[in-house]
Amino acid sequence: MAVPLWVGRKLLGDGAVSDALMVAFIVLAVMGPLAFADLCRRV
Amino acid sequence: VTFAGAGQLLIFLGLLLATVRPLGGYLQRVFAGETTVLSPLLRPIEGELYRLGGVRPEEEQGWHRYAVAFMVFHLPGMLLLYGLLRLQAALPLNPAHQGAVAPDLALNTAVSFATNTSWESYGGETTLSHLSQMAGIAVQSFLSAAAGLAVAMALVRGFARRGSATVGNFWVDVTRAVLYVALPISVLAGLVLAWQGVPQSLAGPVAATTLEGAGQAISLGPAASQEAIKLLSGDGGGFFNAQSAHPFENPTALTNLLGILLMPLLGAALTNTFGRMIGNEREGWALLVAMLALLVAGALVLEAVEGAGNPLLAAAGVDQHLGNLEGKEVRFGVAGSALFSELGTATSSGAVNAMHDSYLPLSGLVLLANMMLDEVIIGGPGSGLFGMLLFAVVAVFVGGLMIGRTPEYVGNKIEAREIKMAMLAILVVPAASLTLTAVAVVIPAGLAGLGNAGPHGFEEVLYAYTSAANTNGSSLAGLSTNTPFYNLTLALAMAVGRFLVAVPVIALAGSLATKRRVASSTGTLSTTGPLWIGLLIGVIVIVGGLTYFPALALGPAAEHWAMLRGATF
């Protein structure tokens, strides 16, 4: 995690922390519904 | 309704209906893997793509694997678009020297275009580089439309198959949707747009001096290629900030007509594809008639309300004989604007050629209602068809309750599991949009973006979340949404509206595919006649009405009655 953040800070400055949060949002937004798919399987 | 309005509506309907059977048949052959006129050119490319991706096209997937593939497919696209937007200042094809897009706006934009929404909290020509537009926005327009088509095909296969454990191969469906459907139509449409004057250039802005002596930067870019897929894909995000009201994005009456036709093109044809795949084209026509009845009703109300003009301006002595022209391009007038707006909201495209914030309150109600009915009035490519099929499942259930029989639809017995999946998919969108609207209108971060007070301000917020959760993407324009609060919450609404709808739809497909055919009998509700079409429309309007009536009453309805008393906001 530290290496991408360091590279991010070099390229984007202080926005790198925000970028880490936004990327986490994207990953959760896409992969979170997989749990929903499991719920649909059990219903 | 004016002669121009009625004439444009009739021409549009005639042209659209003429495309339904040929294009519907073509789509059926494409997704069945049959030979088409483009096969000699595209089949080698298709085969090479499978080889590179390690896809075995003959290997089909069960619904769960199909749903996982659908979700996983979106991840790299979103991350790539996010990265492009954040790094665009250091990347080539940036003649206007656009800086990095802020993190929250980049997130919102990445989710927006990957989910086929195209909500834009930015002005295209003042924010994005050419590379971001071409490799980011346009690519996602193709891919998101293809993913929507794939989900619809899975559901149609579910209805068509008997005792099958699989619903198709997601990767094959997406590849064919891009290669055989989106690309060829976009190339043709892009050439027409460029011929009509839409720029297709990698040059930067041209400096000009106005008649008053002021300096002006006239933005150029690869607009024609992007405009074509914008209109076809249901994405609807404009190259320029003023969208299809901009003379470079929509320069002539012909391009306006082309836009009106491209937006519902795939959604309408898919009803015929559905009919062909289940072996009865009349089933498809019944769905299309229900869609078109709602579409024409909305268009006529818009035309009548906007054509009558603003009563407050008329009372003040302002000539209103051309209708309410505030926020509209005079080139298109009320007729060309109303029909475009009806299709932009009904088809999930979200493209606009007039400012929806300037429409009269009752027109605003129609635009909202188009989206609130789950984008089933033709809807987006794929999403419109599977949305309508969800309502068909609910409608046969309601019909079954009325006559005391187990409901059936196109030879499938509809049981508890199918109803659960359909209701999950239908209810998740209003749950997201209404909850987020309620939050935004009570907390300072939400209220800070309001452009107007009172019911119109409420409508701005309601419109934003309704548009996002229904993956429409049009905006009322009065609300300032380029803030961390709106960028993040709208992104959440878009993700919910895309993924949490698609999963139960694919689950429904899997459930239906395993069923055995039920022979129709004299007690089977016919799903091709006027009674069925009326029942289907009734269920759509009642479910939508009951869900959204309080919110509509607080917004556009309250604003309408206040306007009649002389109050504005």
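Our subject is the structure that appears above.
Bear in mind the structure is a predicted one, so any value in this text is a computation, not a measurement.

*Asks:* How should the overall build of chain B be read in this particular structure?
*Replies:* Assigned secondary structure in chain B consists of 19 helices and four strands. Its C-alpha atoms give chain B a radius of gyration of 23 Å, within 12% of the compact-globule value 25 Å for 569 residues. Out of the 569 residues belonging to chain B, those deemed buried represent 61%.

*Asks:* Which parts of the structure should I look at to understand the side chain of Lys515(B)?
*Replies:* Residues and elements named next belong to chain B. Along the chain, the position of Lys515 falls in the loop between α18 (484-513) and α19 (530-564). Residue Lys515 is classed as buried on the basis of its relative accessible area of 11%. Here the side chain of Lys515 touches Lys413 through a polar contact of 3.1 Å, landing on its backbone oxygen. Contacts of Lys515, omitting those with residues within four sequence positions, involve Arg161, Arg162, Gly163, Asn412, Lys413, Glu415 and Glu418.

*Asks:* I tried to follow the nonpolar core on my own but got confused; where do I start?
*Replies:* In globular proteins that are soluble, nonpolar side chains generally tend to be buried together. Residue and element names in this part refer to chain B. If you look at the biggest cluster of nonpolar residues, it comprises 179 residues, and the most contacted ones within it are Phe12, Phe159, Phe274, Tyr409, Trp532 and Leu536. Considering every element that reaches this core, the biggest residue donor is α18, with 20 residues. Ignoring any residue separated from it by four or fewer positions in sequence, one finds Leu536 in contact with Leu287, Ala290, Met388, Phe391, Ala392 and Ala395.

*Asks:* Whenever I open this one, the interface of chain B and chain A confuses me. Can you help?
*Replies:* By a frequent convention, interface size equals the accessible area lost on bringing the separate parts together. Listed per partner, the contact involves 29 residues of chain B and 21 residues of chain A. Carbon and sulfur atoms make up 84% of the area that chain B and chain A hide from each other, which totals about 2,300 Å². The largest per-residue losses of area from chain B upon contact with chain A belong to His64(B), Met71(B) and Leu75(B), which jointly make up 20% of the total buried on that side. Inspection of the region where chain B meets chain A yields one salt bridge. For Arg86(B), the salt bridge goes to Asp19(A), with nearest N and O atoms at 2.6 Å.

*Asks:* Help me out: how do you make sense of the side chain of Thr489(B) in this one?
*Replies:* All names here are of chain B. Of note, Thr489 is situated in helix α18. According to the relative accessible area criterion, Thr489 is buried, its value standing at 14%. Within the local environment of Thr489, its side chain forms a polar contact with the backbone oxygen of Phe485, the two atoms lying 2.7 Å apart.

*Asks:* What exactly am I supposed to notice about the pattern of salt bridges here?
*Replies:* Opposite charge on two side chains allows them to pair when their charged atoms are near. Residue and element names in this part refer to chain B. As enumerated under the stated definition, the model contains 16 salt bridges over all chains in all. A salt bridge links Lys230 to Glu249; the shortest N-O distance between them is 2.7 Å. Pair noted here: Lys230 is in helix α8 (residues 223-233) and Glu249 is in the loop between α8 and α9 (253-278), with a separation of 19 residues, a long-range link. Judged by its relative accessible area of 1%, Lys230 is buried. In this structure, Arg405 and Glu408 form a salt bridge, with 2.9 Å as the shortest nitrogen-oxygen distance. Take Arg405: its relative accessible area is 31%, and that puts it in the partly exposed class. Its relative accessible area of 12% is what places Glu408 among the buried residues. When salt bridges with common partners are traced through the structure, they connect Arg56, Glu59 and Arg65 into a single cluster.

*Asks:* Is there a simple way to think about unusual backbone geometry in this case?
*Replies:* The bulk of non-glycine residues show a negative phi, and the bulk of peptide bonds are trans. Residue and element names in this part refer to chain B. Even without being a glycine, Glu375 presents a positive backbone phi close to 55°. In this structure, Glu375 sits in the loop between α13 (361-372) and α14 (383-403). Located in the positive-phi region is Val410, a residue other than glycine, with phi close to 40°. As for its placement among the helices and strands, Val410 is situated in the loop between β3 (408-409) and β4 (412-413). Residue classification places Val410 among the buried residues on the basis of a relative accessible area of 11%.

*Asks:* Quick question: what am I supposed to make of empty space enclosed by the protein here?
*Replies:* Empty space among the atoms becomes apparent when a probe as large as a water molecule is rolled across them. Residue and element names in this part refer to chain B. Taken as a whole and judged by the stated rule, the model has six cavities of 30 Å³ or more. Lining of the largest cavity is provided by 22 residues; of these, Asp374, Ser383, Phe386, Gly497 and Val501 occupy positions nearest its centre. Secondary structure elements with two or more residues in the lining of the largest cavity: α6 (130-160), α14, α15 (416-440) and α18. Of all the elements, α14 adds the most residues to the lining of the largest cavity, at five residues. Partitioned by chemical class, the residues of the lining of the largest cavity number 12 nonpolar, seven polar and three charged. As a volume, the second largest cavity reaches approximately 80 Å³. Lining the second largest cavity are Val396, Gly399, Gly400, Ile403, Arg405, Thr406, Pro407, Glu408, Gly523, Thr524 and Leu525. Residue contributions to the lining of the second largest cavity peak at four residues, all from α14. Its residues placed into classes, the lining of the second largest cavity shows four nonpolar, five polar and two charged.

Cut-offs used in this document
- Residues numbered from 1 in each chain as written.
- Chains lettered and ligands numbered in written order.
- Predicted model: local features only at pLDDT ≥ 70, side-chain atom pairs only at ≥ 80, totals over all residues.
- Heavy atoms only, no water.
- Helix = DSSP H or I, 4+ residues; strand = E, 2+ residues; numbered from the N terminus.
- Rg over C-alpha atoms; globule rule 2.2 N^0.38 Å.
- Buried < 20%, exposed > 50% of the residue type's maximum accessible area, 1.4 Å probe, protein only.
- Polar contact = N/O pair within 3.5 Å; in protein donor to acceptor, adjacent residues only side chain to side chain.
- Contact = heavy atoms within 4.5 Å.
- Core = buried A, V, L, I, M, F, W, Y, C linked by side-chain atoms within 4.5 Å.
- Buried area = accessible area lost by both parts, 1.4 Å probe.
- Salt bridge = Lys/Arg side-chain N within 4 Å of Asp/Glu carboxyl O.
- 1 Å grid on protein atoms, 1.4 Å probe; cavity = no way out; pocket = protein on both sides within 12 Å on 5 of 7 lines; lining within 4 Å.
- Points joined across faces, edges and corners; volume = space filled by probe spheres on them.
- Nonpolar A, V, L, I, M, F, W, Y, C, P; charged D, E, K, R; others polar.

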